[in-house]
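Letter by letter, the chains look like this.
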Amino acid sequence: MTEPLLTKDDVLKAYRVLKTVVNQTPLQRDNYLSDKYNANIYLKREDLQIVRSFKIRGAYYAMTQLEQVVLERGVVCASAGNHAQGVAYTAFQLKCMAHIFMPVTTPNQKISQVKYFGGEFVKVHLVGDNFDECSLRAHEYGTENDLHFIEPFDDLDVIAGQGSLAVEIHQDLVAEGVNPDIVLAPVGGGGLISGISSYIKPVMPETKIIGVESVGAPSMKESLDKGEIVKLEEMDTFSDGTAVARVGELTYQIAKQNVNEIITVEEGLACSKILDMYTRQAIIVEPSGALSVAALDKLGDISGKTIVCIISGGNNDINRLAEIEERALIYEGRRHYFVVNFPQRAGALREFVTDILGPGDDITVFQYTKKSNQSSGPLVVGVDLGKIENLDGLLERLSVFDPSYISINENSTLFNLLV
Ligand SMILES: Cc1ncc(COP(=O)(O)O)c(C=O)c1O
């Protein structure tokens, strides 16, 4: 057996440093999910962490491991999200200057959160149209100015810091006399899963460690399947915390040794869980934070099992709610968009509404401009079904109305253009 890159004692050391600094977040048995899956489902609530995500753990621990002279010169990082907030918060606590590079497209709300946590100890640099450009510039800036770069995931101290939450999970479960069958953790660059697995594997050897990625950004799954690190050429960045094109070298090696399986979940399923958790459990999660709960649907029969889901973050921008609802409704098969050729004569709209729609079906979008000198013109229509079972009837009636109608849900190019 090869020596682990990170031992449980390394993680324990990080835990002891962080213990008095970060929130020891609750591990809660969730009654709603436990009843739903006839299992024992626990949630590790990192949405209740300072900066509302676990990323403070790795950033803080890594920065405390730097020599004083290095800290005094200042640090640099590149992030448009939770890592930036973790570094900013730590900079303020340790009174060291942090240069935080964010792409120019970063929403103001995120920039102001970083400034809020870092105060006078943060300088935000808005550089590059995308994350890769921004990160490149941040690295150059670090080299030019002799500043230490705080990695978002591929650094043993960062990984150990993230792993500290597994120590808390273990302590809380031991106190309840429970041994988990499975721990589910979201995976981006792999810092979180490699940190927690470095502790769980030796301490709870019976527990399966399962990573969760979104279908649109499966970088760890593809790498482990291929046996080497794969860089994704394209990805869906919707689950922004976990949308990473290339996992780390260290995190890949650790995941290869410790992780039992990586499963992927559709972005729409994660959205559906975000809304469900908000409505039923009053928990606000961001897309990456919902992946572990979404994965419960993918595990097959889990009745009687004890499962821990890591809710990794709760920084959900309110402006994204409309898109989240949209994706959830489409995933659940309740919202449909069509292009229909529409006859240009008086009364046609009334016919469409009375003849085509089923009971309880509701029009959510209707885009039509009357064209002169043509007998028909295209219409974009969005329909929310009253009941999922209404779909077959709706499609049948539509194909009589216009045999060449197009279903936009099934055409990603049209979908991105029109919806
Ligand atoms: C909320 C959230 N979940 C999960 C992740 C993935 O963590 P890692 O990159 O360590 O795999 C991140 C990373 O930023 C995150 O912000």
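Everything numeric here is computed off the predicted structure, so don't read it as measured data.

Conventions we followed
Residues numbered from 1 in each chain as written. Predicted model: local features only at pLDDT ≥ 70, side-chain atom pairs only at ≥ 80, totals over all residues. Helix = DSSP H or I, 4+ residues; strand = E, 2+ residues; numbered from the N terminus. Contact = placed C-beta atoms within 7 Å. Near = placed C-beta within 6 Å. Nonpolar A, V, L, I, M, F, W, Y, C, P; charged D, E, K, R; others polar. Domains from an automatic or database assignment. Pairing = 2+ DSSP bridges. Axes fitted to C-alpha atoms, helices over the stretch in contact; angles between N-to-C directions. Buried ≥ 20, exposed ≤ 12 C-beta atoms within 10 Å, placed from the backbone. Right-handed = clockwise from strand over helix to strand, strands pointing away.

Participant: I'd like a rundown of the overall build of the chain, residues and numbers included.
Facilitator: In terms of helices and strands, the chain carries 17 helices and 14 strands. With respect to the three principal axes, the spread of C-alpha positions in the chain is 80 × 55 × 40 Å. For the chain, the share of sequence-separated contacts (at least 6 apart) that also reach a separation of at least 24 residues comes to 76%.

Participant: Would you mind going over the site of the ligand in detail, with residue names and values included?
Facilitator: Taken together, 22 residues lie around the ligand, and Gly-188, Gly-191, Gly-241, Ser-312 and Gly-313 are the ones closest in. For the shell around the ligand, the secondary structure elements donating two or more residues are α5 (82-94), α9 (191-203) and α13 (287-294). Of the residues forming the shell around the ligand, the biggest block, 3 residues, is contributed by α9. In the shell around the ligand, the residues fall into 5 nonpolar, 15 polar and 2 charged.

Participant: Any chance you could break down the domain arrangement of the chain for me, citing the residues and the numbers?
Facilitator: When cut into domains, the chain gives domain 1 (8-54 + 158-326), domain 2 (75-146) and domain 3 (333-418). Between the C-alpha centres of domain 1 and domain 3 the distance comes to 40 Å.

Participant: Provide a residue-level description of the sheet that holds strand β2 (residues 40-45), including the pertinent values.
Facilitator: In spatial order, the strands read β1-β2-β10-β7-β8-β9; together these 6 strands make up an open sheet with mixed pairing. The open sheet has two edge strands with one neighbour each: β1 (27-29) and β9 (261-265). The average undirected angle you get between the axes of adjacent strands in this sheet is 25°. Relative to strand β10 (residues 306-311), β2 is paired through 6 bridges, and the arrangement is parallel. Within β10, the position partnered with Ile-41 by the bridge is Ile-307. Helix α10 (residues 219-226) contacts β8 (208-214) and β9 of the sheet and is inclined by roughly 140° relative to β9.

Participant: For the sheet that holds strand β5 (residues 122-126), give the residues involved together with the corresponding values.
Facilitator: The strand order β5-β4-β3-β6 describes an open sheet built from 4 strands, whose pairing is parallel. Looking at the sheet topology across the chains shown, the edges are occupied by β5 and β6 (148-149). Bridge count for strand β3 (residues 75-78) against β6 is 2 bridges, and the pairing is parallel. Its bridge partner being in β6, Val-75 is matched across the sheet by His-148. Across the sheet, α5 lies against β3, β4 (98-102) and β5, angled at about 165° from β4, the strand it touches most. The strands touched by helix α6 (residues 108-118) are β4 and β5; relative to β5, the strand with the most contacts, the crossing angle is about 160°.

Participant: Quick rundown of unusual backbone geometry? Include the residues and the values.
Facilitator: Residue Val-51 is not a glycine yet carries a positive backbone phi of 60°. Locating Val-51 in the fold gives a position in the loop between β2 and α3 (55-64). Despite not being glycine, Arg-52 shows a phi value in the positive range, around 55°. By the element assignment, Arg-52 lies in the loop between β2 and α3. For Arg-52, a count of 22 C-beta atoms within 10 Å puts it in the buried group.

Participant: Give me the pairing of β4: which residues, what numbers.
Facilitator: Burial runs high along β4: 5 of the 5 residues are buried. Alternating positions in β4 separate into two faces, Ala-98, Ile-100 and Met-102 on one and His-99 and Phe-101 on the other, with burial throughout. Examined bridge by bridge, β3 and β4 share 4 bridges and lie parallel to one another. Bridge pairing in β4 places Val-75 opposite Ala-98. A crossover links β3 with its parallel partner β4, the connecting element being α5, and its sense is right-handed. Where β4 meets β5, 5 bridges bridge the pair, whose relative direction is parallel. When the bridges of β5 are listed, Ile-100 appears paired with Val-124. Crossover β4 to β5 through α6 is right-handed.

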